[in-house]
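Analysis of the macromolecular model
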Amino acid sequence: MLLALLALTLVAVVLALPVLVQAWSSWRREHGPLFRTRRVERVMLHDPGRERRAEQRARELLRSCVNDEEWSMYRDLGFIKVNGKLADGSAPRRPREAADAPEPEAPYAYLIYPHKPIVAFVPKTRRLLSEYCVEFPDLTRAISHSRLPDSDDVLAKWMALTGDERNLIRNANMHLPGRQIDPGRVRRDLWRLAEWERQRRSSGSYEARRR
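Parameters at a glance
- Residues numbered from 1 in each chain as written.
- Predicted model: local features only at pLDDT ≥ 70, side-chain atom pairs only at ≥ 80, totals over all residues.
- Heavy atoms only, no water.
- Helix = DSSP H or I, 4+ residues; strand = E, 2+ residues; numbered from the N terminus.
- Buried < 20%, exposed > 50% of the residue type's maximum accessible area, 1.4 Å probe, protein only.
- Contact = heavy atoms within 4.5 Å.
- Phe/Tyr/Trp six-rings, centres within 6.5 Å; stacked < 30°, edge-to-face > 60°.
- Expected span 1.5 Å × (residues − 1).
- Pairing = 2+ DSSP bridges.
- Core = buried A, V, L, I, M, F, W, Y, C linked by side-chain atoms within 4.5 Å.

Looking only at helices and strands, the protein chain has 6 helices and 5 strands in total. N-terminal to C-terminal, the α/β element order of the protein chain is α-α-α-β-β-β-β-α-α-β-α. Within the protein chain, the fraction of its 211 residues that count as buried is 33%. The contacts of the protein chain with a sequence gap of at least 6 include a subset with a gap of at least 24, amounting to 66%.

What follows concerns unusual backbone geometry. In the Ramachandran plot, His 115 falls in the positive-phi region, its phi being about 60° despite a non-glycine side chain. Tracing the backbone through its elements, the reader meets His 115 in the loop between strand S2 (109-112) and strand S3 (118-122). Despite not being glycine, Arg 126 shows a phi value in the positive range, around 60°. The topology assignment puts Arg 126 in the loop between S3 and strand S4 (127-133).

With that out of the way, let us pick up the environment of Met 73. Residue position: Met 73 is located in helix H3 (residues 68-77). Once the C-alpha coordinates of Met 73 and Leu 193 are considered, the two residues, 120 residues apart in sequence, prove to be 8.1 Å apart. In contact with Met 73, not counting residues within four places along its chain, are Gly 78, Phe 79, Ile 80, Lys 81, Leu 193 and Trp 196.

With respect to the helices and strands, the residue Glu 70 is situated in helix H3. With near-sequence residues (within four places) excluded, Glu 70 lies in contact with Ile 80, Lys 81, Val 82 and Trp 158.

Here we take up the packing of aromatic side chains. By the definition in use, this model includes 4 aromatic pairs. On the basis of an interplanar angle of 85° and a centroid distance of 5.7 Å, the ring pair of Tyr 108 and Tyr 110 is categorised as edge-to-face. Across this residue pair, the class does not change: Tyr 108 and Tyr 110 are buried. Between the aromatic rings of Tyr 110 and Tyr 132, the centroid separation amounts to 6.3 Å while the plane-to-plane angle is 70°, which identifies the pairing as edge-to-face. Placement of Tyr 110 in strand S2 and of Tyr 132 in strand S4 is noted, with a sequence separation of 22 residues between them.

Moving on: helix H4 (residues 150-163). The end-to-end C-alpha distance of H4, which contains 14 residues, comes to 20 Å, matching closely the 20 Å that a straight helix rising 1.5 Å per residue would cover. For H4, every residue scored as buried is listed here: Ser 151, Asp 153, Val 154, Leu 155, Ala 156, Lys 157, Trp 158 and Leu 161.

Glancing now at the pairing of S4. In terms of burial, S4 is a largely internal element, 6 of the 7 residues being buried. Where S3 meets S4, 5 bridges bridge the pair, whose relative direction is antiparallel. Following the sheet pairing, Phe 121 is matched in S4 by Leu 128. In terms of strand pairing, S4 meets strand S5 (residues 173-175) through 3 bridges, oriented antiparallel. Bridge pairing links Tyr 132 to Met 174 in S5.

By size, the foremost hydrophobic cluster in this structure holds 23 residues, and its most contacted members are Leu 62, Ile 80, Tyr 110, Ile 118, Tyr 132, Trp 158 and Leu 161. Secondary-structure elements contributing two or more residues to this core are H3, strand S1 (80-83), S2, S3, S4, H4 and helix H5 (165-171). With 4 residues, H4 is the single largest residue contributor to this core. Those residues in contact with Leu 62 that lie beyond four places of it in its chain are Trp 71, Tyr 74, Ile 80, Ser 151, Val 154 and Leu 155.

Encoded structure:
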C-alpha cells in the first residue's frame, strides 16, 4: 500500500513538472530583470569606492565654482558661509510663531551644510534666525536614486542662494532654529568660523608684512 502511494506521488510530480517549469520560466521572464536591476543597484549603493569617487568629483567641481575663501572654509570646517544680499527689507524673517520678536538687523548671512537645512543668522551677534529646508535630487544617480554627494548638495544650495536668494527663501520650507539642526552645534560652528576667520586674517597680515 505504501509503495503504491509513493508510486502515485512520483507519477504526479513527474506529470506536474513541465507545468511548474513553464510557470517558473514565465515568472523569471517577467520579474527577473527587475530583481537583477535591484541586485545591481544594491551592489552599487554599497560600493564605498563608487561613493568616494563621486564625492571626489563633486569636491573638484565645488572648488572650481566657489572662491578661494569659501573653498578653504568648506575644506576646513565642513560648511560655507554666504552673506545675504537682500537690502530692501526682504531679509529672512522668523516664522509667524515668533512674529513678536524684533526684526533681524542687517547684515545677515547663511550657513550651508551638506544634506541639512540652510541656517540664517546675524554675524554681529550670532543670533540664529531660521532654517530653510531645500532638497536637490540626484538626477544623475551618482551614488543613489535621490541623494547627491555631499559636495554636490552644498554646491546646489550655494548656486541657488547666490543666484536667486529671494526665490530660494520664498520657496523653501522655513522653520524656527533647532527644527533639524541642534542650535548648540550651529553656535559652536559659528565660534569655529570666527576663529577660522581670525586666524586667516592674522595669516594674511603676516604674509603682507613679510612682503
